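# Structural features, examined
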Amino acid sequence: MIENYKEAFEKSRLAGAIAAGALDEVAKIIKHGIKTETIDRLCYEYINDHGAYSAPLFYRGFPKSCCTSANHVVCHGIPSEKVLKDGDIINVDVTALKDGWHGDTSRTFEIGEVSVKAKKLVKTTYEAMMEAIQIIKEDICLGDIGATIQNYVETRGFSVVQDFCGHGVGRSFHETPNILHYGEKGSGEKIKAGMIFTIEPMINAGNYETKTLSDGWTAVTKDKSLSAQFEHTVGVTKDGYEIFTLPKKKI
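Cut-offs and rules
- Residues numbered from 1 in each chain as written.
- Predicted model: local features only at pLDDT ≥ 70, side-chain atom pairs only at ≥ 80, totals over all residues.
- Heavy atoms only, no water.
- Pairing = 2+ DSSP bridges.
- Helix = DSSP H or I, 4+ residues; strand = E, 2+ residues; numbered from the N terminus.
- Core = buried A, V, L, I, M, F, W, Y, C linked by side-chain atoms within 4.5 Å.
- Buried < 20%, exposed > 50% of the residue type's maximum accessible area, 1.4 Å probe, protein only.
- Contact = heavy atoms within 4.5 Å.
- Axes fitted to C-alpha atoms, helices over the stretch in contact; angles between N-to-C directions.
- Parallel < 35°, antiparallel > 145°, perpendicular 65-115°, else oblique.
- Left-handed = near helix turned anticlockwise from the far one by under 90°.
- Nonpolar A, V, L, I, M, F, W, Y, C, P; charged D, E, K, R; others polar.
- Phe/Tyr/Trp six-rings, centres within 6.5 Å; stacked < 30°, edge-to-face > 60°.
- Salt bridge = Lys/Arg side-chain N within 4 Å of Asp/Glu carboxyl O.
- Expected span 1.5 Å × (residues − 1).

## Some details on the pairing of strand β8 (residues 175-179)
Relative to β8, strand β7 (residues 166-168) runs antiparallel, the two sharing three bridges. Across the sheet, residue G168 finds its bridge partner in β8, namely E175. Hairpin connection from β7 to β8: six residues lie between these consecutive antiparallel strands.

In structure tokens, the structure reads:
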């Protein structure tokens with residue numbers, strides 16, 4: 001917890017706005033025929049042009065400025081010469097490092113006309129994230145966040161990935177606490193004003209199990225079912241929360 005969190009929130013607000021702005025730009029160009037490498041280059045240039053640094057670049061050896069995770073890729077997909085096509089869904093995950101503070105966010109985009117199931121998966125994932133954010137206030141338990149997401153998702157026939165979670169974020173890319181996207185209401189530590197963390201549920205159309213490919217980064221669904229993700233960086237206030245990574249236009 002940060003006792004005097006005014007500066008932390010101001011810095012997170014700025015970094016978050018840059019990260020969200022990068023995804024706003026991605027939304028303008030992402031379509032059938034585009035390479036994920038092009039998305040990466042756009043994110044790098046946008047963040048750099050706004051006086052920030054792409055935190056994923058070289059983080060623990062990651063080779064690119066953003067993650068591009070398409071279809072059955074759960075997270076940490078590496079941008080490449082891969083060409084997107086109509087019917088794909090793809091998550092783009094960016095983190096801007098500005099003046100020593102991080103803003104971390106992701107969105108799943110639909111390419112052209114996607115299947116009914118894919119559309120429902122994307123919609124459910126976004127709504128589950130927002131349902132969890134809306135309960136945030138001082139003294140709720142971390143387990144309340146996970147329970148809210150899990151209940152929302154499972155009643156709609158999908159599953160919550162358990163191998164990855166949200167996290168504290170601020171001066172470091174990944175800090176405590178871990179924010180699980182499943183769990184029991186009333187479990188875990190109580191959150192306090194000044195905390196800053198991500199909520200970033202990864203939701204699968206099939207089973208929740210994942211595996212990591214030989215590149216050491218790309219995580220995929222074991223059953224090859226579709227996966228979607230959304231992420232916001234949020235701060236806990238005395239009377240609720242603030243989202244630092246809101247897009248300029250409603251998703």
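Okay, back to it.
## Overview of the nonpolar core
As a rule of thumb, soluble globular proteins bury nonpolar side chains together. The biggest cluster of nonpolar side chains holds 31 residues, and the ones touching the most others in it are I145, I149, I191, F197 and I199. Mapped by element, the contributors of at least two residues to this core are α3 (116-133), α4 (142-154), β9 (196-199) and β14 (232-237). Here the element with the most residues in this core is α3; it accounts for eight residues. Discounting chain neighbours no more than four positions away, the residues touching I149 are A128, A132, V160, H181, I199, P201 and I203.

## So, unusual backbone geometry
Along the chain, T176 connects to P177 via a cis peptide bond; the corresponding omega equals 0°. Positionally, P177 belongs in strand β8. Located in the positive-phi region is R60, a residue other than glycine, with phi close to 50°. Take R60: it is sitting in the loop between β1 (53-54) and β2 (67-70). At H76, a position not held by glycine, the phi torsion is positive, near 65°. Examined against the element boundaries, H76 turns out to sit in the loop between β3 (73-75) and β4 (89-98). Judged by its relative accessible area of 26%, H76 falls in the partly exposed class.

## A few points about the pairing of strand β5 (residues 101-110)
With nine of its ten residues buried, β5 lies for the most part within the structure. Between β4 and β5, which pair antiparallel in sequence order, lie two residues; one of them, D99, sits at a positive phi of approximately 50°.

## Thoughts on the packing of α3 against α4
Two numbers describe how α3 lies on α4: the axes approach to 9 Å, and their chain directions differ by 150°. Overall, the two elements α3 and α4 adopt an arrangement that is roughly antiparallel. In this structure, α3 meets α4 at a crossing whose hand is right-handed. Only I145, T148, I149, Y152 and V153 of α4 make contact with α3, whose side of the interface consists of T124, E127, A128, E131 and A132. Tallied by class, residues from the contact of α3 with α4 come to six nonpolar, two polar and two charged.

## Focus on the packing of aromatic side chains
Taken as a whole and assessed by the stated rule, the structure comprises five aromatic pairs. On the numbers, 4.6 Å between centres and 40° between planes, the contact of Y5 with F9 is tilted. Each of the two residues, Y5 as well as F9, counts as buried. Both rings, one in F9 and one in F244, keep their centres 5.1 Å apart while their planes meet at 85°; by these two values the pair is edge-to-face.

## Observations concerning the sheet that holds strand β12 (residues 219-221)
Overall, antiparallel pairing links the three strands, which are arranged β3-β12-β11 in an open sheet. Across the chains shown, the open sheet's two edge strands, defined by having one partner strand only, are β3 and β11 (210-212). Averaged over all adjacent pairs, the angle separating strand axes in this sheet is 40°, with direction ignored. The pairing of β3 with β12 spans two bridges and is classified as antiparallel. When the bridges of β12 are listed, V73 appears paired with V220.

## Topic: the pattern of salt bridges
Enumeration according to the criterion identifies ten salt bridges in this entry. Across the salt bridge formed by K35 and E81, the nearest N and O atoms sit 2.6 Å from each other. Taken together, the residues span a long stretch of sequence, with K35 in the loop between α1 (6-29) and α2 (36-49) and E81 in the loop between β3 and β4 at a distance of 46 residues. We classify K35 as partly exposed; its relative accessible area is 34%. Among the ionic pairs, E37 bridges to K64, the shortest N-O distance being 2.7 Å. One end of the pair, E37, is in helix α2; the other, K64, is in the loop between β1 and β2, with 27 residues separating them in the sequence.

## Here's the deal with α3
One full turn of an α-helix is made of 3.6 residues, so residues set three or four places apart face in the same direction. The end-to-end C-alpha distance of α3 is 26 Å, a good match for the 26 Å that 18 residues give at a rise of 1.5 Å each. Buried residues of α3: A118, L121, V122, T124, T125, A128, M129, M130, A132 and I133, and no others.

Nothing here speaks to function; it is all geometry.
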